[in-house]
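# Commentary on secondary and tertiary structure
Chain residues, written in single-letter form:
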Amino acid sequence: MVIFYAVVIFMDRPFTHIVDKLRSVDLRPTRQRMALAKLLFDGPHRHVTAEMLHSEAQDANVKVSLATVYNTLHQFTGAGLLKEIVIDAGRSYFDTNIETHHHFYNEDSKELSDISGDQISFDQLPTPPSGKQINSVDVVVRVRSV
C-alpha cells in the first residue's frame, strides 16, 4: 500500500480579499461581482460613474452589461461597500471611500475630489422630522473656472 501525503501551502490567491469583502456583507461572490469589485477596490480610493466602470470592465475583457454594472453598484452601495454621490438627476458617482468626508465637483471637468470631513463644520443642523434622526450630512461644493 502506498500512502501519499499532500502538503497544503496557503497562498493569497488574487481574488481572496475580494471574496472576503463580498461575503462580509452577505453578497454572493459571483463572477461579475468579483470582477467589478476587483476593478473598484484594488488600488486607491476613487470616484466612478457606472459608465466609467463599464468602460474599464470592457477594457479588462470583462463581459458585463451596463445594466449589470448599475445593479452591482447599487448592491454594493446598499451593502455599505460604496457611497453614492448624486450630482444631479442624471449623474451619480460611486465612492470607494465610505469614511466621513465631502466633495468638490468640478463642473468643467466633471470630476469629483475629496474634502476632508474636518474641513467643513456646521453651527447648527435642522431638527429632523418626528421619529427620524440625522444619519449623515453630505456636502458637494461645486467649482468651475473663472
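Residues numbered from 1 in each chain as written. Predicted model: local features only at pLDDT ≥ 70, side-chain atom pairs only at ≥ 80, totals over all residues. Heavy atoms only, no water.

A few words now on the pairing of strand β4 (residues 101–106). Note: β4 against strand β5 (residues 111–116), six bridges, orientation antiparallel. Note on β5: the bridge partner recorded for Phe104 is Ser113. (Pairing = 2+ DSSP bridges. Helix = DSSP H or I, 4+ residues; strand = E, 2+ residues; numbered from the N terminus.)

The subject of this paragraph is the packing of helix α2 (residues 31–41) against helix α4 (residues 66–78). Axis separation between α2 and α4 bottoms out at 11 Å; the angle between their running directions is 70 degrees. By the criterion of interaxial angle, the relationship of α2 to α4 is roughly perpendicular. Listed contacts from α4 to Gln32, Arg33, Leu36, Ala37, Leu40 and Phe41 of α2 are Thr68, Val69, Thr72, Leu73, Gln75 and Phe76. For the contact of α2 with α4, a count of residues per class yields seven nonpolar, four polar and one charged. (Axes fitted to C-alpha atoms, helices over the stretch in contact; angles between N-to-C directions. Parallel < 35°, antiparallel > 145°, perpendicular 65-115°, else oblique. Contact = heavy atoms within 4.5 Å. Nonpolar A, V, L, I, M, F, W, Y, C, P; charged D, E, K, R; others polar.)

Before going further, it helps to spend a moment on the nonpolar core. Counting residues in hydrophobic clusters, the biggest one holds 22 residues, and the most contacted among them are Leu22, Leu40, Phe41, Val69, Leu73, Phe76 and Leu82. Contributions of two or more residues to this core are made by α1 (16–24), α2, α3 (50–59) and α4. At six residues, the largest contribution of residues to this core is made by α2. What Leu82 contacts, discounting residues up to four positions off in sequence, is Leu40, Phe41, Leu73, Phe76, Thr77, Phe94, Asp95, Thr96 and Ile98. Ile85, Ile87, Tyr93 and Tyr105 belong to the second largest nonpolar core, which has five residues in total. (Core = buried A, V, L, I, M, F, W, Y, C linked by side-chain atoms within 4.5 Å. Buried < 20%, exposed > 50% of the residue type's maximum accessible area, 1.4 Å probe, protein only.)

Read from one edge of the open sheet, three strands run β5-β4-β6, paired in mixed fashion. Of all the strands in the sheet, just β5 and β6 (140–143) have a single pairing partner and so form its edges. The mean angle between the axes of side-by-side strands here comes to 25 degrees, regardless of whether they run parallel or antiparallel.

Two elements in contact, α1 and α2, have axes whose closest approach is 10 Å; the angle formed by their N-to-C orientations is 105 degrees. As far as their axial angle goes, α2 and α1 are roughly perpendicular. Counting all contacts with α1, which are made through Ile18, Val19, Lys21 and Leu22, the residues of α2 involved are Arg33, Met34, Ala37, Lys38 and Phe41. By residue class, the composition of the contact of α1 with α2 is six nonpolar, no polar and three charged.

The values reported here are purely geometric and, on their own, carry no functional implication.
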